[in-house]
Amino acid sequence: MKKIFCVFGTRPEAIKISPILKILKKEKDKFNLKVCVTAQHREMLDPYLKFFGITPHYDLNIMEDRQSLEQLSHNVLSRIPSILKKESPDLTLVQGDTSTAFLAALSSFYLKIPVAHVEAGLRTYNYSQPFPEEANRRLIDALSILHFAPTLQSKTNLLKEGFSAKTIFVTGNSGIDALKSVTQNPQNFQNPFLKNFFNSNSKKENFKTILVTAHRRENFGKPLKELCLALKSIADSFPEVFIFYPVHLNPNVGSVVKKILKNQAKIFLLPPLEYGDFTHLLKKSWALVTDSGGLQEEAPTLGIPTLVLRKITERPEAVQTGSVKVIGTEKENIIAEVSKLIKNKNSYQKMAKVSHPYGDGGAAQRIVNALLFYFNYRKNRPKDFEP
Ligand code: UD1
Ligand code: UDP
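J.: Quick question: what am I supposed to make of the sheet that holds strand 12 (residues 306-308) here?
T.: Sheet strands line up and pair through hydrogen bonds in the backbone, either parallel or antiparallel. The six strands are arranged 10-9-8-11-12-13 in an open sheet whose pairing can be described as parallel. Pairing within the sheet leaves two strands with one partner each, and these edge strands are strand 10 (267-270) and strand 13 (324-326). Direction aside, the axes of adjacent strands within the sheet are offset by 20° on average. With four bridges connecting them, strand 9 (residues 241-246) and strand 10 associate as parallel partners. Note on strand 10: the bridge partner recorded for Phe244 is Phe268. The strands touched by helix 9 (residues 222-237) are strand 8 (208-213), strand 9, strand 10 and strand 11 (287-290); relative to strand 9, the strand with the most contacts, the crossing angle is about 150°. Each of strand 8, strand 9, strand 11, strand 12 and strand 13 touches helix 14 (residues 331-343); the most contacted strand, strand 12, lies at about 170° to it.

Structure below.
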């Protein structure tokens, strides 16, 4: 039996790790699975643990209001090592680019525990965008002995940096596994406001809803203000447009967004939505405006045109297929890009294509196959994901 110690702490990690845990659990004669949540997010983590039926063996409960990166790092680094020493796993599994993932990788490395990185090789090659995620993922890759790259592009990045091809498996992104599992069945809104709103409005002519999310640190302050002012102008200019904005719980986001956008008739500020409602809302959206990482993967899979509030993206694949456009955060540019989609049907149709550059729903199985191969439970190297 090989012991796998899986650490995560935030909403997107829970979503992307859950399909892997589900398949790992099926291999219970080969893997002894231990799950540790740092709870870097608390309110935005717990509903996902419940939704995906994950009961952690350890909960470090580290979240503090307005936590600094230093405090967050201190809290993880002071609590994880004793657990790692006690469990002495054969491998630590982390996902993505959060500080939880990096700090769990670092703690494991210090204890000479091998690390496997899910979603390896994403790069902007700019340490300030996204911050601190670009540094986190490069550091995690440097500390890892297995790299689960979601796409060929991410594998190519790793190869260029000198990582051995032997350590890299192209798996697709497990976020697409989660998305498919929730959207393949008929969905209904649990949130009464959303249920009522769509029941009463969705048959109206020209009806358009734009879904908005933003939470990146580099967008705090002026960029976030510019976004809010742009949304106000868009809602005022186009009577057929309604804007839904589930606001991230980071107070640096809420304070700005609520100040500018509260009491706008056609802009609905919502709390973070649970995964079922959120993905259903995404599916029903006419377009998405976001700075999220995971949403850049989910929206093309559902054929939702996506405008990205960043200067650069580590997810170029959907930009290449045409469903995603990187537009920055200047007010006038956001207004111009959204207006173009509203006024020019051709531009809109070109972006409203379903594409699957990030996965086919089989990423978690490929990751588990790669782990079986690494631990000599399986002879053949698993085949790479091809879109
Ligand atoms: C974190 C990750 C980011 C990821 C994002 C996903 C780091 C440094 N950042 O950013 O990579 O894209 O999660 O959403 O790893 N808060 C709550 N309740 C919650 C969650 C957050 O109140 O459930 C508030 C707290 O005041 C907390 C603050 O938000 O201190 C910031 O949380 P933190 O995890 O440090 O940063 P995020 O911006 O959420
Ligand atoms: N999401 C959600 N509810 C929300 C907003 C987002 O369930 O109100 C999901 C979304 O479907 C995606 C993930 O959260 O899977 C993205 O998380 P986030 O944007 O916070 O993090 P990032 O991907 O940028 O790291």
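So, next bit.
J.: So what exactly am I meant to see when it comes to the sheet that holds strand 1 (residues 2-8) here?
T.: Pairing is parallel across the open sheet formed by seven strands, whose spatial order is 3-2-1-4-5-6-7. Each edge of the sheet is formed by a strand with only one pairing partner; in this case those strands are strand 3 (58-59) and strand 7 (168-170). Bridge count between strand 6 (residues 146-149) and strand 7: three bridges; the pairing is parallel. By the bridge assignment, Ala149 is partnered in strand 7 with Val170.

J.: Sorry, what's going on with unusual backbone geometry here?
T.: Note: most residues except glycine have negative phi, and most peptide bonds are trans. At the junction of Gln129 and Pro130, the peptide bond is cis and its omega measures out at -5° in the coordinates. When you line up the elements, Pro130 lands in the loop between strand 5 (115-118) and helix 5 (133-143). Note the cis peptide between Phe131 and Pro132, where omega equals 0°. Mapped onto the elements, Pro132 comes out in the loop between strand 5 and helix 5. Phi angles above zero are rare outside glycine, and Ala39 is one such case at about 55°. Here Ala39 is to be found in the loop between strand 2 (31-37) and helix 2 (46-51). For Lys112, which is not glycine, the phi dihedral falls at a positive 60°.

So, how was this worked out
- Residues numbered from 1 in each chain as written.
- Chains lettered and ligands numbered in written order.
- Predicted model: local features only at pLDDT ≥ 70, side-chain atom pairs only at ≥ 80, totals over all residues.
- Heavy atoms only, no water.
- Pairing = 2+ DSSP bridges.
- Helix = DSSP H or I, 4+ residues; strand = E, 2+ residues; numbered from the N terminus.
- Axes fitted to C-alpha atoms, helices over the stretch in contact; angles between N-to-C directions.
- Contact = heavy atoms within 4.5 Å.

Keep in mind that these numbers describe shape and distance, not what the molecule does.
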